[in-house]
Amino acid sequence: MQPLATNACQAGVTHMMEYSVLVKDCLKQKPVAQQQLYDHFAPSMLGVCYRYTKSLSDAEDVLQEGFIKVFMHLADYKFKGELGGWIRRIMVTTALNYLKKNKRYRQEMVFAETPLHPVSDQNPAIDLDARQLSDLIRQLPAGFQTIFNLYAIEGYTHVEIGQMLGISDGTSKSQYARARYLLIEWIEKYSSLPKNEQYAGK
């Protein structure tokens, strides 16, 4: 087992060294390096952006705006964590700003503190693939969708989410509970449909 662990460690170091060279070349404004950085991370980051929006077109707008910020602030990256994680945080912040300034989303980003929905800790039997689950999350109102993604996917605490969205942590908790309640209802309903009805029109 030792050689495997050593190889994994060496691979990680090599990966970091490659990123180090790539970042330094980007900071020197080398177009080839900038294109390589974009091509490497854009596909996964588009998925991040799409989780916060209602259309692929909007997600692409967020992605482009996010990468502009990435290149503007690349000198701030100090190699103290994964480059992908650093870029991901920029994409999430860019997505939140996009939702706040876009009229289509802003109307659904008004949060009211409501009593917590009683939600069972028991999860329903889920017979959905990742794409289908993502599609259900995207059907949530923008506010619910945002808080669910920040808490359940990104791992932010309700206190952090409250600071990011300008709401109380109690409001974040209640909105998350309501989002989870809706998803459980939809998942139970969707999972009970015959396969031909699940995929109808898809």
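Report follows, based on the coordinates. (Residues numbered from 1 in each chain as written. Predicted model: local features only at pLDDT ≥ 70, side-chain atom pairs only at ≥ 80, totals over all residues. Heavy atoms only, no water.)

Regarding the pattern of salt bridges
Part 1: Within this structure, the stated rule accounts for seven salt bridges.
Part 2: Here Glu65 makes a salt bridge to Lys69, at a shortest N to O gap of 3.9 Å. Taken as a pair, Glu65 and Lys69 lie in helix H3 (residues 56-72) at a separation of four residues, close to a single helical turn.
Part 3: Judged by its relative accessible area of 23%, Lys69 is partly exposed.
Part 4: Salt-bridge contacts for Asp135 lead to Arg138; the nearest nitrogen and oxygen are separated by 3.2 Å. With Asp135 and Arg138 both in helix H6 (residues 130-138) and three residues apart, the pair spans about one turn of that helix.
Part 5: Owing to a relative accessible area of 10%, Arg138 belongs among the buried residues under this scheme.
Part 6: Within this structure, Arg51, Arg88 and Glu154 form a network of salt bridges that share partners. (Salt bridge = Lys/Arg side-chain N within 4 Å of Asp/Glu carboxyl O. Helix = DSSP H or I, 4+ residues; strand = E, 2+ residues; numbered from the N terminus. Buried < 20%, exposed > 50% of the residue type's maximum accessible area, 1.4 Å probe, protein only.)

Side note on the packing of helix H2 (residues 31-52) against helix H7 (residues 142-153)
Part 1: Viewed as axis vectors pointing N to C, H2 and H7 meet at an angle of 135 degrees, and their least axial separation amounts to 8 Å. By the criterion of interaxial angle, the relationship of H2 to H7 is oblique. On H7, the residues that touch Tyr50, Arg51 and Tyr52 of H2 are Gln145, Thr146, Asn149, Leu150 and Ile153.
Part 2: Residue classes in the contact of H2 with H7 are distributed as four nonpolar, three polar and one charged. (Axes fitted to C-alpha atoms, helices over the stretch in contact; angles between N-to-C directions. Parallel < 35°, antiparallel > 145°, perpendicular 65-115°, else oblique. Contact = heavy atoms within 4.5 Å. Nonpolar A, V, L, I, M, F, W, Y, C, P; charged D, E, K, R; others polar.)

With respect to the packing of aromatic side chains
Part 1: The full count for this structure, using the stated rule, is eight aromatic pairs.
Part 2: Between Tyr19 and Phe41, the aromatic rings sit 5.6 Å apart at their centres with planes inclined by 40 degrees, giving tilted as the arrangement. Separated by 22 residues along the polypeptide, Tyr19 in helix H1 (residues 2-27) and Phe41 in helix H2 bring together distant segments of the chain. The pair Tyr19 / Phe41 is uniform in exposure class, with both members buried.
Part 3: Residues Tyr77 and Trp86 carry aromatic rings whose centres are separated by 5.5 Å and whose planes lie at 45 degrees to one another, so their mutual orientation is tilted. Each member of the pair, Tyr77 as well as Trp86, is classed as buried.
Part 4: The cationic tip of Arg138 hangs over the ring face of Tyr50; the distance from NZ or CZ to the ring centre is 3.5 Å. (Phe/Tyr/Trp six-rings, centres within 6.5 Å; stacked < 30°, edge-to-face > 60°. Lys NZ or Arg CZ within 6 Å of the ring centre and 35° of its normal.)

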